[in-house]
Amino acid sequence: MVEAEQQLAANKADMPASEQGESALRIRELTSDIADLKAARIIALDIIPGAVPIETYRFPKRCLMLFGAEGPGLSQKALELADDVVYISQFGSVRSINAGAAAAVAMHCWISQRGV
(Lines give C-alpha, C1' and ligand atoms only; values in the text may rest on other atoms or scores of the structure.)
Protein backbone atom coordinates (compact mmCIF):
# COMPACT_ATOMS: atom_id res chain seq x y z
CA MET A 1 0.00 0.00 0.00
CA VAL A 2 2.88 2.38 0.70
CA GLU A 3 4.09 2.18 -2.91
CA ALA A 4 0.59 2.87 -4.20
CA GLU A 5 0.27 5.91 -1.95
CA GLN A 6 3.67 7.20 -3.06
CA GLN A 7 2.70 6.75 -6.70
CA LEU A 8 -0.59 8.57 -6.09
CA ALA A 9 1.23 11.48 -4.42
CA ALA A 10 3.69 11.71 -7.33
CA ASN A 11 0.86 11.80 -9.86
CA LYS A 12 -1.42 14.19 -7.93
CA ALA A 13 0.18 17.29 -9.37
CA ASP A 14 -0.79 16.19 -12.89
CA MET A 15 -4.35 15.05 -12.03
CA PRO A 16 -7.58 17.01 -11.95
CA ALA A 17 -9.13 17.11 -8.47
CA SER A 18 -11.93 14.67 -9.43
CA GLU A 19 -9.40 12.03 -10.54
CA GLN A 20 -7.39 12.49 -7.33
CA GLY A 21 -10.44 11.59 -5.25
CA GLU A 22 -11.26 8.59 -7.44
CA SER A 23 -7.68 7.30 -7.19
CA ALA A 24 -7.65 7.64 -3.42
CA LEU A 25 -10.98 5.80 -3.18
CA ARG A 26 -9.69 2.98 -5.42
CA ILE A 27 -6.57 2.59 -3.25
CA ARG A 28 -8.76 2.30 -0.13
CA GLU A 29 -10.92 -0.31 -1.90
CA LEU A 30 -7.86 -2.30 -2.96
CA THR A 31 -6.42 -2.10 0.54
CA SER A 32 -9.68 -3.51 1.90
CA ASP A 33 -9.65 -6.29 -0.71
CA ILE A 34 -6.08 -7.21 0.21
CA ALA A 35 -7.01 -7.35 3.90
CA ASP A 36 -9.93 -9.68 3.05
CA LEU A 37 -7.62 -11.96 1.08
CA LYS A 38 -5.08 -12.04 3.91
CA ALA A 39 -7.87 -13.08 6.29
CA ALA A 40 -8.83 -16.05 4.08
CA ARG A 41 -7.80 -19.49 5.32
CA ILE A 42 -5.91 -21.86 3.04
CA ILE A 43 -7.57 -25.26 2.86
CA ALA A 44 -5.63 -28.12 1.28
CA LEU A 45 -7.62 -31.07 -0.04
CA ASP A 46 -5.53 -34.23 0.11
CA ILE A 47 -5.69 -37.71 1.55
CA ILE A 48 -2.89 -37.68 4.11
CA PRO A 49 -2.58 -38.74 7.75
CA GLY A 50 -4.14 -36.13 10.04
CA ALA A 51 -6.51 -34.74 7.40
CA VAL A 52 -10.10 -34.11 8.46
CA PRO A 53 -13.01 -35.75 6.61
CA ILE A 54 -14.90 -33.25 4.46
CA GLU A 55 -18.21 -34.43 5.97
CA THR A 56 -17.26 -33.05 9.39
CA TYR A 57 -15.21 -30.03 8.32
CA ARG A 58 -16.76 -26.56 8.62
CA PHE A 59 -15.40 -24.47 5.77
CA PRO A 60 -14.67 -20.85 6.67
CA LYS A 61 -16.58 -18.20 4.75
CA ARG A 62 -13.35 -16.86 3.23
CA CYS A 63 -11.05 -19.61 2.05
CA LEU A 64 -8.71 -20.59 -0.73
CA MET A 65 -8.85 -24.27 -1.64
CA LEU A 66 -5.76 -26.07 -2.91
CA PHE A 67 -6.08 -29.20 -5.08
CA GLY A 68 -3.18 -31.35 -6.14
CA ALA A 69 -2.60 -33.48 -9.19
CA GLU A 70 -4.35 -36.83 -9.39
CA GLY A 71 -2.01 -39.41 -7.88
CA PRO A 72 0.80 -37.40 -6.24
CA GLY A 73 -1.54 -34.89 -4.56
CA LEU A 74 -0.23 -31.61 -3.20
CA SER A 75 3.42 -30.71 -2.75
CA GLN A 76 4.92 -30.65 0.72
CA LYS A 77 5.24 -26.86 0.46
CA ALA A 78 1.52 -26.50 -0.34
CA LEU A 79 0.64 -28.67 2.66
CA GLU A 80 2.89 -26.58 4.90
CA LEU A 81 1.15 -23.37 3.75
CA ALA A 82 -2.30 -24.78 4.47
CA ASP A 83 -4.20 -23.80 7.58
CA ASP A 84 -6.22 -27.04 7.41
CA VAL A 85 -6.08 -30.27 5.41
CA VAL A 86 -9.33 -31.95 4.42
CA TYR A 87 -9.96 -35.19 2.57
CA ILE A 88 -12.90 -36.43 0.52
CA SER A 89 -14.08 -39.76 1.87
CA GLN A 90 -13.99 -42.60 -0.65
CA PHE A 91 -14.57 -46.35 -0.65
CA GLY A 92 -11.78 -48.76 -1.47
CA SER A 93 -8.08 -48.09 -1.66
CA VAL A 94 -8.29 -45.04 -3.90
CA ARG A 95 -5.43 -42.59 -3.29
CA SER A 96 -7.04 -39.68 -5.09
CA ILE A 97 -9.74 -38.49 -7.43
CA ASN A 98 -9.60 -36.18 -10.41
CA ALA A 99 -8.81 -32.60 -9.33
CA GLY A 100 -11.87 -31.23 -11.15
CA ALA A 101 -14.13 -33.71 -9.41
CA ALA A 102 -12.52 -32.94 -6.05
CA ALA A 103 -13.01 -29.20 -6.65
CA ALA A 104 -16.69 -29.73 -7.50
CA VAL A 105 -17.28 -31.77 -4.33
CA ALA A 106 -15.44 -29.29 -2.11
CA MET A 107 -17.15 -26.24 -3.56
CA HIS A 108 -20.53 -27.94 -3.22
CA CYS A 109 -19.77 -28.58 0.47
CA TRP A 110 -18.77 -24.94 0.93
CA ILE A 111 -21.97 -23.72 -0.72
CA SER A 112 -24.22 -26.14 1.18
CA GLN A 113 -22.76 -24.89 4.47
CA ARG A 114 -23.70 -21.34 3.52
CA GLY A 115 -27.40 -22.26 3.26
CA VAL A 116 -27.56 -21.46 -0.43
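In the block above lies the structure referred to throughout.
*Asks:* Is there a simple way to think about the nonpolar core in this case?
*Replies:* Buried together is how nonpolar side chains tend to be arranged in soluble globular proteins. Ile 43, Leu 45, Ile 54, Tyr 57, Phe 59, Met 65, Val 86, Ile 88, Ala 102, Ala 106 and Cys 109 form the largest nonpolar core, which has eleven residues in total. A per-element tally of this core places helix α4 (residues 99–113) first, with three residues. The contacts of Leu 45, once residues within four sequence positions are left out, are Ile 54, Met 65, Leu 66, Phe 67, Gly 68, Leu 74, Val 86, Ile 88 and Ala 106. Among the nonpolar cores identified, the runner-up in size contains seven residues, and Ala 44, Ala 51, Ala 78 and Val 85 belong to it.

*Asks:* Please explain the packing of aromatic side chains as it appears in this structure.
*Replies:* Applying the stated criterion across every chain, the model contains one aromatic pair. Ring centres 4.9 Å apart and planes at 85° place the aromatic pair Tyr 57 and Phe 59 in the edge-to-face group. No difference in accessibility class separates Tyr 57 from Phe 59, as the two residues are buried. Directly above the aromatic system of Trp 110 lies the positively charged group of Arg 114, at a separation of 4.8 Å from the ring centroid.

*Asks:* Any chance you could explain the pairing of strand β1 (residues 41–45) here in plain terms?
*Replies:* A regular strand places its side chains so that they alternate between the two faces of the sheet. With five bridges connecting them, β1 and strand β3 (residues 63–67) associate as parallel partners. When the bridges of β3 are listed, Ile 42 appears paired with Leu 64. In terms of strand pairing, β1 meets strand β4 (residues 84–87) through three bridges, oriented parallel. Directly across from Ile 43, in β4, lies its bridge partner Asp 84.

Reading the values: rules and limits
Residues numbered from 1 in each chain as written. Predicted model: local features only at pLDDT ≥ 70, side-chain atom pairs only at ≥ 80, totals over all residues. Heavy atoms only, no water. Core = buried A, V, L, I, M, F, W, Y, C linked by side-chain atoms within 4.5 Å. Buried < 20%, exposed > 50% of the residue type's maximum accessible area, 1.4 Å probe, protein only. Helix = DSSP H or I, 4+ residues; strand = E, 2+ residues; numbered from the N terminus. Contact = heavy atoms within 4.5 Å. Phe/Tyr/Trp six-rings, centres within 6.5 Å; stacked < 30°, edge-to-face > 60°. Lys NZ or Arg CZ within 6 Å of the ring centre and 35° of its normal. Pairing = 2+ DSSP bridges.

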